[in-house]
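Results of the structural survey
So you can see what is in the structure, the chains are spelled out below.
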Amino acid sequence: MSPADAKAAVEFDQVSLTRDGVRVLTDLSLRLDESRVGLIGHNGSGKSSLVRLLNGLLPADSGQIRVHGRDPAKGPEQMSATVGFIFQNPDHQLIFPTVIEELTFGLRNQGLSAKEATRQSSDLLHAQGHADWAERPVHSLSEGQKQLVCIFSVLLLNPDLLILDEPFSALDLPTRYRLLDLLHELPQQIVMISHELDTLERFDRIIWLEQGRVHQDGPPDQVLPAYQADARARAATLGLGRGRAESDRRTEPAGS
Ligand SMILES: Nc1ncnc2c1ncn2[C@@H]1O[C@H](COP(=O)(O)OP(=O)(O)OP(=O)(O)O)[C@@H](O)[C@H]1O
Ligand SMILES: [Mg+2]
């Protein structure tokens, strides 16, 4: 592998992670060098934990991780210029009273003057059709609007790798489509977790996690239908859908 390759890739080498005494990831070895990588899996399969390893928010128990040539074990501050992270819950990310303060904070941290940080933030809001949000209190925004502010604040920092943990869950359809188009135009590598499989159709590679291990790994047209079929089969056994009702009928004694 050439150094240039290593710089654009995310690598896991036999990584294991335990949280509160429970094994979450087991001997994970992966090399992600595609531009768009989707991460899918059922609740609790380890998706959010995996991406938290990439910006140093969680330390691995064992194994090696390299993120665009950097070691996230050095901590989140060391990774902030490399990895932009959009959390599953906007309330875990938003800390300032107003939208403009939220947007300018990261830029100020990168050394920009207050004037330049405000200019870039205002330009982005304007370009996205939300110039009127600048002075709005963050707490007055809807959940989807908060999610969008989180995404804007990370985009402004122009990181090498963008990680999005279920970024669309609160967004309305037009916003979702616009944001997806925007993401696909970006030059950065993107790792995105989503339960909304249609948002991953244009991705290069999909990794399906199951109990902290890779269950399937391949192009979207192979992995997404397999995952969907598996989910339907599980729903039937869980009794959450029509499948259970049908199987109940089949097992009911005649005449009951
Ligand atoms: N803060 C925490 N402390 C301890 N264990 C945790 C914590 N967060 C998650 N876990 C555990 O780690 C495992 C993986 O959780 P994780 O949040 O990575 O799953 P996920 O695939 O992102 O699920 P979801 O689709 O529900 O977001 C689960 O068993 C969960 O109980
Ligand atoms: Mg999660």
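Note that the coordinates shown come from a computational prediction; the quantities given were computed from them, not determined experimentally. (Residues numbered from 1 in each chain as written. Chains lettered and ligands numbered in written order. Predicted model: local features only at pLDDT ≥ 70, side-chain atom pairs only at ≥ 80, totals over all residues.)

Description of the overall build of the chain
Stated precisely, the cut-off is as follows: For helices the rule is a DSSP run of H or I covering at least 4 residues; for strands it is a run of E covering at least 2, with both sets numbered from the N terminus onward. Exposure criterion: with C-beta atoms placed from backbone coordinates, a residue whose C-beta has 20 or more other C-beta atoms within 10 Å is buried, one with 12 or fewer is exposed, and one in between is partly exposed. Note that contacts rest on C-beta atoms placed from the backbone: two residues are in contact if these are within 7 Å.
Assigned secondary structure in the chain consists of nine helices and nine strands. Projected onto the principal axes, the alpha-carbon positions of the chain cover approximately 80 × 45 × 35 Å. For the chain, the proportion of its 256 residues judged to be buried stands at 32%. Long-range contacts, defined here as pairs at least 24 residues apart, represent 65% of the contacts in the chain between residues at least 6 apart.

Details of the confidence of the model for the chain
Caution applies to low-pLDDT regions: their predicted coordinates should not be interpreted in detail. Note the cut-off: pLDDT is a residue-level measure of predictor confidence that goes from 0 to 100.
Averaged over all residues, the pLDDT of the chain equals 88, while 91% of them reach at least 70. Long-range and interchain partners of residues 243-256, a stretch whose pLDDT sits below 50, account for five contacts in this model, where long-range means more than four residues apart.

Regarding the packing of helix α4 (residues 99-109) against helix α6 (residues 143-155)
Formally: Here an angle of 0 to 180 degrees is reported between the N-to-C directions of two axes, which are lines fitted to C-alpha atoms, with helices fitted over the stretch in contact. Note that the term roughly parallel is reserved for angles under 35 degrees, roughly antiparallel for angles over 145, roughly perpendicular for angles of 65 to 115, and oblique for everything else. Left-handed describes a crossing whose near helix is turned anticlockwise from the far helix by less than a right angle; the clockwise case is right-handed.
One way to put it is that α4 packs onto α6 with a least axis distance of 8 Å and a crossing angle of 30 degrees. Here α4 is positioned roughly parallel relative to α6, judged by the angle of their axes. Seen from above, α4 lies across α6 with right-handed handedness. Across from V99, E102, L103 and G106 in α4, the residues of α6 making contact are V149, F152 and S153.

Structural notes on the site of ligand 1
Selection rule: Near, for a residue, is defined by distance from a backbone-placed C-beta atom to a molecule or strand, with 6 Å as the limit that must not be exceeded.
Close to ligand 1 lie R19, D20, V22, V24, G41, N43, G44, S45, G46, K47, S48 and S49. For the shell around ligand 1, the secondary-structure elements that each account for two or more residues are β2 (22-32) and α2 (47-54). The element best represented in the shell around ligand 1 is α2, accounting for three residues.

So, the sheet that holds strand β1 (residues 10-19)
As a reminder of what qualifies: At least two bridges found by DSSP between two strands is the condition for calling them paired.
Pairing is antiparallel across the open sheet formed by three strands, whose spatial order is β2-β1-β4. Each edge of the sheet is formed by a strand with only one pairing partner; in this case those strands are β2 and β4 (62-67). Sheet twist, expressed as the mean angle between neighbouring strand axes with direction ignored, is 25 degrees. Note: β1 against β4, five bridges, orientation antiparallel. Considered in β4, the bridge of D13 is made with Q64. With respect to the sheet, α2 is in contact with β1, β2 and β4, its orientation differing from that of β1 by roughly 120 degrees.

Description of helix α5 (residues 114-127)
In plain terms, the rule: Helix span is expected to be 1.5 Å times the residue number reduced by one.
In a regular helix each residue adds 1.5 Å, so 14 residues correspond to 20 Å; α5 covers 20 Å between its end C-alpha atoms and thus fits that length. Just beyond α5, the residue with positive phi is G129, at close to 80 degrees.

Quick word on the sheet that holds strand β3 (residues 36-40)
The six strands are arranged β5-β6-β7-β3-β8-β9 in an open sheet whose pairing can be described as mixed. Strand pairing shows two members of the sheet lacking a second neighbour, β5 (83-86) and β9 (213-218), which therefore form its edges. Taken over all neighbouring pairs, the strand axes of this sheet differ in orientation by 15 degrees on average, direction set aside. Where strand β8 (residues 205-210) and β9 come together, five bridges link them in antiparallel fashion. Among the inter-strand pairings, W208 is bridged to a residue of β9, identified as Q216.

Some remarks on the domain arrangement of the chain
Rules: Here the bounds of each domain stem from an automatic or database domain assignment. Residue polarity follows a fixed list, in which Ala, Val, Leu, Ile, Met, Phe, Trp, Tyr, Cys and Pro are nonpolar, Asp, Glu, Lys and Arg are charged, and the others, Gly among them, are polar.
Each assigned domain of the chain is listed here: domain 1 (1-82 + 161-220) and domain 2 (91-158). Computed over C-alpha atoms only, the centres of domain 1 and domain 2 are separated by 24 Å. Residue-level contacts link seven residues of domain 1 with six residues of domain 2. By residue class, the composition of the side of domain 1 that touches domain 2 is five nonpolar, one polar and one charged.

Some points on the environment of Q216
Along the chain, the position of Q216 falls in strand β9. Taking C-alpha positions, Q216 is 8.9 Å from A226, a pair spaced 10 residues apart along the chain. Not counting the four nearest positions on each side in its chain, Q216 is found in contact with W208, V223 and A226.

A word on the nonpolar core
A general feature of soluble globular proteins is that nonpolar side chains tend to end up buried together. Keep this limit in mind: To count as a nonpolar core, a set of buried Ala, Val, Leu, Ile, Met, Phe, Trp, Tyr and Cys residues must be joined through C-beta atoms within 7 Å.
Counting residues in hydrophobic clusters, the biggest one holds 53 residues, and the most contacted among them are V15, L39, I86, I163, V191 and I206. Counting residues per element, this core draws most heavily on α6, at six residues. Domain assignment of the residues forming this core places at least three in each of domain 1 (1-82 + 161-220) and domain 2 (91-158).

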